[in-house]
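Residues per chain, in single letters:
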Amino acid sequence: MNIDKYKVKIEDLKTKKALDDISFNTTEEISPTRDIIGQDRAVQAIEFGLKMKQKGYNIYVAGYSGVGRTSYTHALIKKHAKYKGKNELKDWVYVNNFKNSNEPTSLCFNSGEGKIFKNDIDDIIEKLKNEMPKIFNSKEYEYHNRLLMSELESNIQNIIEELNEFAKPKGFKFQVTEKGLMSIPMKEDGTLMQEEELGKLTAIDVRKLREDGIKLNQDSKDYIDKIKSCEDTYKNKNIELDKNVGRSLVGFYGQYLLNKYGKDEKTKKYIEYLCDDIVNNISKFKSDGDEQQQNPMALLGIMSPKSDEKFFNKYKVNLFIDNSECNDCKIIIENNPTYYNLAGAIDYKNEIGALTTSFMEIKPGALHKANGGYLIINVKDLLSNPFSWDCLKRSLKTSKIAIESLNKQLGYVVTSTLKPEPIELDIKVILVGDGYFYSLLYHHEEDFRNLFKIMADFDIEIDRNKENIYKTVQLIANKCNEENLKHFDKLAVEKLIAYSARMSDHKDKLTARFNKIVDIIYEADAVSSDENMYVTQEDVQKAIDQKIYRSNKYEEKLNEMFKDGTLLIDIDGEKVGQINGLAVMGTGEYSFGKPSKITASTYKGRSGVINIEREIKQSGSIHDKGVLILGGYLGARYGKEKPLSITTSITFEQNYNGVDGDSASSTELYAIISSIADIPIKQCIAVTGSVSQKGEIQPIGGINQKIEGFFDVCKIKGFTGNQGVMMPIQNVKNLLLKDEVIEAVKEGKFNIYAISKIEEGLEILTGKNIDKIDKVVNETLEKYRKLDKENREDEGNKKKKEADKREECEDNLNDKKDINIK
């Protein structure tokens, strides 16, 4: 029987050369580029999302790591996003809230004006501190102050005279002393009694004088109150004088600020509150700094801000967001999106063992920094940080950024804190992640669906056309220029293109995971000889081989076990119910193929196909499905008229790690049919491919690794010329085999067959056509049915005899009971 018709052609074992239509000798001749390669769908989605200004049109960029999601998104934003001019970008400042200092006020300015406003306020406060003492030391002020003092002294003197008129009949006179207003006893001649004379009085006289003095003080309370009232009036007039004197200077600077910034109502109110507060605290501005008293705590060696300096802090301006130097669209990439890094924070200072804060300690987060622009966040990092997602979606829903302590979020009250006024948010957020996180958020987070309406999906592979190939060459040239690497010659570039196609597992595709290509560029440059001016294809192949060698220890260990017979496998001869399957194993980023012996045993019974791996819970759900499909195929082909009275057990020999996937389902079916029909299978051919219930061979993954894995074992055991692999015909487009395998096929040492139906596979493996195999299978099944029928008849006769015997015993027992009754 001719099976050569199923062999894959040599030209189909690898991809064609990619650079025949591109004329160059080295990448040095190629103009470099950073353009996005082959991601039209994702690019169109991002561009559309950038155009949409309505709420909720934020962007989720999906794709595998390494396809350039973040870098390309950044480049697209920079290329297509419209720069907001100085009038559209906003500066934000926080200032003291003079009505409630725990709730600082936010003020908004056009780009660059925030810094000017801060400098103006700082400059005016400094000028007031310098100029105010001069005004209060002026002759005009001293004149008005003396007038008030003279008025006070005159009023007090008049009250004292009235008081003395009241006290004279009682033998006392009031006089102002160092200790204040004192009542002094008088002699009969009207003169004041001296201390020597008081010492000569008897105890009785002294007691009487004391009693009279106390009574007088009580009776003269109204006069004392008048004096205090005069003093209060003086103080109020003095304060009002200070305010009037200071108001003129403060009003001058206040009007300057209003003329410059008063168009904004909120800023206007702040300036008015600022001026009122300065006037109300004008006494703080009267000293010139030379009269500051030393802080008592300094005597203890503890540093503390001086009280006056702390007082003036409330007139400072916290330049929160400054866009004065922003000359391009704002693009912020937040690599550590913690709650505070997103929403901002309020810092605390340790002062004399106590934590203190103020509006000057409010720090911006990424949302503030990107306000008016674009914020790029990795969704995995975002979801890994508690409260970050809640913070982001709350800010996007409300279009405001609120700075709050997590203590409040958690319900803790550790220390008093500020509640800054929220800032208006105008931002486009781009989340970067994979399809899993997109699906997770889309189905379980309603807010996500409303806030991220644009999904840009980066493909893991791109079309292998002339445009994308040329852009890949430009990418190589660009990387060489940027990193100061050796340029690649044409054959080296051809090898990189082939490596890219191999990574995509498709002849007509290239991988979009350009980070993998860049790794080989770096490593090929590193292994290139100093004698070579350019990187050659040998350097690229060496870099690829070394990359594999660093990760293939496990593969080599398995091959050693095949060589010394620890792992049992037959690659020659024929056996019944035994076949070589192929599986892919992986260690990190490296994966390789490995042949596995699969055996099937058939015997009478009604259990159908028994999956031994499933029985011991080492089989995955997909593999279980594949085995159940085998039962469907066998029943449809051989059990339509009569039941299948057999039991077949199937297993992967020497497998202790579990099995999953359906790529060996056709292989298992061949083994089962061989076991039922007692027809031997060629052991020189390994098989891969899944099967449908209709017997159609279906494509699988990892075809190159599987073929090369069996090839390596045949190489170890020795080629016979009959060995090879049988695969689904649909996987021919995925063949990108090593040169070593292709050479062996050319030399007739190794063979690759592609099939589309189970019947074709049986023909290759057994050398018999399907009619002969069906005939043998049906005969065997009929034999098992007869045996099953005989067994069931024997069991039925046995059960009938047992039933008759039980009935006879029951009759005898009933007869004995009747006799006893009589």
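All chains use their own residue numbering, which begins from 1 and follows the written sequence. The predicted nature of this model means local features are confined to residues of pLDDT at least 70 and side-chain atom pairs, given and counted, to a pLDDT of 80 or more, with totals for whole chains, interfaces and linings taken over all residues. As a rule here, side-chain values cover all heavy atoms of the structure and leave hydrogens and water aside.

Student: Please give an account of the overall build of the protein chain that cites residues and values.
Tutor: Strands here mean DSSP runs of E at least two residues long; helices mean DSSP runs of H or I at least four residues long; both are numbered from the N terminus. A count of helices and strands for the protein chain gives 28 helices and 29 strands. Within these notes, the globule rule equals 2.2 Å times the number of residues to the 0.38 power, and the radius of gyration is based on C-alpha atoms. Relative to the 2.2 N^0.38 estimate, which gives 28 Å for 822 residues, the radius of gyration of the protein chain is 48 Å and therefore markedly larger than a compact globule would have. For the C-alpha atoms alone, the extent of the protein chain along its principal axes is close to 160 × 120 × 50 Å. Whether two residues are in contact is decided by their heavy atoms: any pair within 4.5 Å suffices. In the protein chain, the share of contacts with a sequence separation of at least 24, taken over all contacts with a separation of at least 6, comes to 78%. When the accessible surface of the protein chain is summed, it comes to about 44,500 Å², and 48% of that surface belongs to carbon and sulfur atoms. Values of accessible area rely on a 1.4 Å probe in the Shrake-Rupley scheme; residue burial ignores everything except the protein chains shown.

Student: Kindly report on the packing of helix H18 (residues 490–504) against helix H19 (residues 514–527), identifying the contributing residues and their values.
Tutor: Axis angle and axis distance: for two packed helices, these are the angle between their axes and the distance between the axes, and together they describe the pair. Each axis is a line fitted through C-alpha atoms, and for a helix only the stretch in contact is used; angles between axes span 0 to 180 degrees, taken between their N-to-C directions. For the pair H18 and H19, the least separation of the axes is 10 Å and the interaxial angle reads 145°. The way H18 lies across H19 gives a crossing that is right-handed. Here Leu496, Tyr499, Ser500 and Met503 of H18 come into contact with H19, specifically with Lys516, Ile517, Ile520 and Ile521. As a working rule, the residues Ala, Val, Leu, Ile, Met, Phe, Trp, Tyr, Cys and Pro are called nonpolar, Asp, Glu, Lys and Arg charged, and the rest polar, with Gly in that last group. A per-class count over the contact of H18 with H19 returns six nonpolar, one polar and one charged. Less than a right angle of anticlockwise turn of the near helix away from the far helix marks a crossing as left-handed, whereas a clockwise turn marks it as right-handed.

Student: Please provide a residue-by-residue account of unusual backbone geometry, values included.
Tutor: Glycine aside, residues mostly have negative phi angles, and peptide bonds mostly take the trans form. Residue Phe387 is not a glycine yet carries a positive backbone phi of 75°. Within the secondary structure, Phe387 sits in the loop between helix H12 (379–384) and helix H13 (388–398). Unlike most non-glycine residues, Asp505 shows phi in positive territory, near 60°. Within the secondary structure layout, Asp505 lies in the loop between H18 and strand S18 (509–511).

Student: Tell me about the nonpolar core, and please be specific about residues and values.
Tutor: Each nonpolar core is a collection of buried residues, namely Ala, Val, Leu, Ile, Met, Phe, Trp, Tyr and Cys, held together in the definition by side-chain atoms within 4.5 Å. The classification of residues rests on relative accessible area computed with a 1.4 Å probe and restricted to protein chains. Under 20% of the type maximum is buried, over 50% is exposed, and intermediate values are partly exposed. Membership of the largest hydrophobic core comes to 56 residues, with the highest contact counts inside it found for Phe488 and Val540. Once you skip the residues sitting within four places of it in the chain, Val540 turns out to touch Phe488, Ala492, Lys495, Leu496, Ile520, Ala524 and Val535. The next biggest cluster of nonpolar side chains, apart from the first, holds 46 residues, and it includes Phe98, Ile227, Val245 and Phe312.

Student: Account for the sheet that holds strand S7 (residues 331–334), with residues named and values stated.
Tutor: Here five strands make up an open sheet; going across it, the order is S7-S12-S15-S1-S16 and the pairing parallel. The open sheet is flanked by S7 and strand S16 (454–457), the only strands paired with a single partner. Neighbour-to-neighbour, the strand axes of the sheet open up by a mean angle of 20°, direction not taken into account. In this scheme, strands are said to pair when DSSP sees at least two bridges between them. Both strand S1 (residues 59–62) and strand S15 (residues 428–433) contribute to a ladder of four bridges, which runs parallel.

Student: Describe the sheet that holds strand S21 (residues 590–604), with residues and values.
Tutor: Here we have seven strands laid out as an open sheet, ordered S22-S23-S21-S20-S25-S28-S29, and mixed in their pairing. At either margin of the open sheet sits one strand with a lone partner, and together these are strand S22 (608–611) and strand S29 (751–755). Averaged over all pairs of adjacent strands, the angle between their axes in this sheet comes to 30°, without regard to strand direction. Bridging between strand S28 (residues 724–728) and S29 involves five bridges; their strand directions are parallel. Across the sheet, residue Val725 finds its bridge partner in S29, namely Ile752. On top of the sheet, helix H25 (residues 703–717) reaches strand S20 (578–587), S21, strand S25 (685–687), S28 and S29; it is set at about 80° to S21, its chief contact. Relative to S29, helix H27 (residues 758–766) is tilted by about 150°, and along the sheet it contacts S20, S25, S28 and S29.

Student: Which residues make up the pattern of salt bridges, and what values go with them?
Tutor: A pair is scored as a salt bridge if a Lys or Arg side-chain nitrogen falls within 4 Å of a carboxyl oxygen belonging to Asp or Glu. Applying the stated criterion to the full structure yields 32 salt bridges. A salt bridge links Asp390 to Lys393, with the shortest nitrogen-to-oxygen separation between them at 3.8 Å. One end of the pair, Asp390, and the other, Lys393, are both in helix H13, three residues apart, so they sit about a helical turn from each other. One salt bridge in this structure joins Arg502 and Glu708, with 2.8 Å as the shortest N-O distance. Pair noted here: Arg502 is in helix H18 and Glu708 is in helix H25, with a separation of 206 residues, a long-range link. Residue classification places Glu708 among the buried residues on the basis of a relative accessible area of 6%. One connected set of salt bridges, linked through shared partners, spans Asp390, Lys393, Lys397, Glu445 and Asp447.

Student: Mind laying out the side chain of Asp539, listing which residues take part and the relevant values?
Tutor: Examined against the element boundaries, Asp539 turns out to sit in helix H20 (residues 537–549). In this tally, Asp and Glu contribute negative charge and Lys and Arg positive charge; neither His nor the terminal groups of the chain are included. Here Asp539 occupies a buried position and makes no salt bridge, while the nearest side chain of opposite charge, Lys486, is found at 6.1 Å. Aside from chain neighbours lying at most four places away, what touches Asp539 is Ala524, Val527, Ser528, Ser529, Asn532 and Tyr534.

Student: Explain the packing of aromatic side chains to me, and be specific about the residues and the numbers.
Tutor: Aromatic ring pairs: the centre-centre distance and the angle between the two ring planes describe each pair. Each aromatic pair joins two rings of Phe, Tyr and Trp (for Trp, the six-membered one) with centres within 6.5 Å, and gets the label stacked for planes under 30 degrees apart, edge-to-face for over 60, and tilted for any other angle. For the coordinates displayed, the defined rule picks out 28 aromatic pairs. Consider the rings of Phe312 and Tyr315, whose centres lie 6.4 Å apart with planes at 50°: the pair is tilted. We classify Phe312 as buried; its relative accessible area is 10%. For Tyr315, a relative accessible area of 1% corresponds to the buried category. Both rings, one in Tyr436 and one in Phe437, keep their centres 5.4 Å apart while their planes meet at 70°; by these two values the pair is edge-to-face. For Phe437, a relative accessible area of 17% corresponds to the buried category.

Student: Tell me about a negative patch on the surface, and please be specific about residues and values.
Tutor: Patch criteria: residues need more than 30% relative accessible area and no salt bridge. Like-charged residues are merged within 9 Å; nonpolar side chains of Val, Leu, Ile, Met, Phe, Trp and Tyr are merged within 5 Å. Lys charges are placed at NZ, Arg charges at CZ, Asp charges at CG and Glu charges at CD. Residues Asp264, Glu265, Glu272 and Asp276 make up a contiguous surface patch of negative charge. We classify Asp264 as partly exposed; its relative accessible area is 36%.

Student: With reference to specific residues and values, describe the environment of Asp20.
Tutor: Relative to the helices and strands, Asp20 is located in the segment before helix H1 (40–51). Measuring from C-alpha to C-alpha, the distance between Asp20 and Lys490 comes to 9.9 Å, with 470 residues separating the pair along the chain.

Student: Lay out helix H21 (residues 553–563) with the relevant residues and their values.
Tutor: Looking at H21, one finds that the buried residues are Glu555, Leu558, Asn559 and Phe562. One side of H21 holds all its buried residues, which, seen down the axis, span an arc of 100°. Away from its buried face by more than 90 degrees, H21 exposes Lys553 and Lys563. Where the residues of H21 are buried, they touch S20, S21 and H25. Two residues or fewer after H21 comes Gly565, characterised by a positive phi angle close to 85°. The reported arc concerns the directions from the helix axis to the C-beta atoms and nothing else.

Student: Explain the side chain of Asn318 to me, and be specific about the residues and the numbers.
Tutor: Secondary-structure assignment places Asn318 in strand S6 (residues 318–321). On the accessibility criterion, Asn318 (7% relative accessible area) is buried. The term polar contact refers here to a pair of N or O atoms within 3.5 Å; inside protein, the definition further demands a hydrogen-donor-capable atom paired with an acceptor-capable atom, and it admits residues adjacent in sequence only when both atoms are side-chain atoms. From its side chain, Asn318 meets the backbone oxygen of Ile362 in a polar contact 3.1 Å long. If we skip the residues at most four places from it in the chain, Asn318 touches Trp92, Val93, Tyr94, Phe359, Met360, Glu361 and Ile362.

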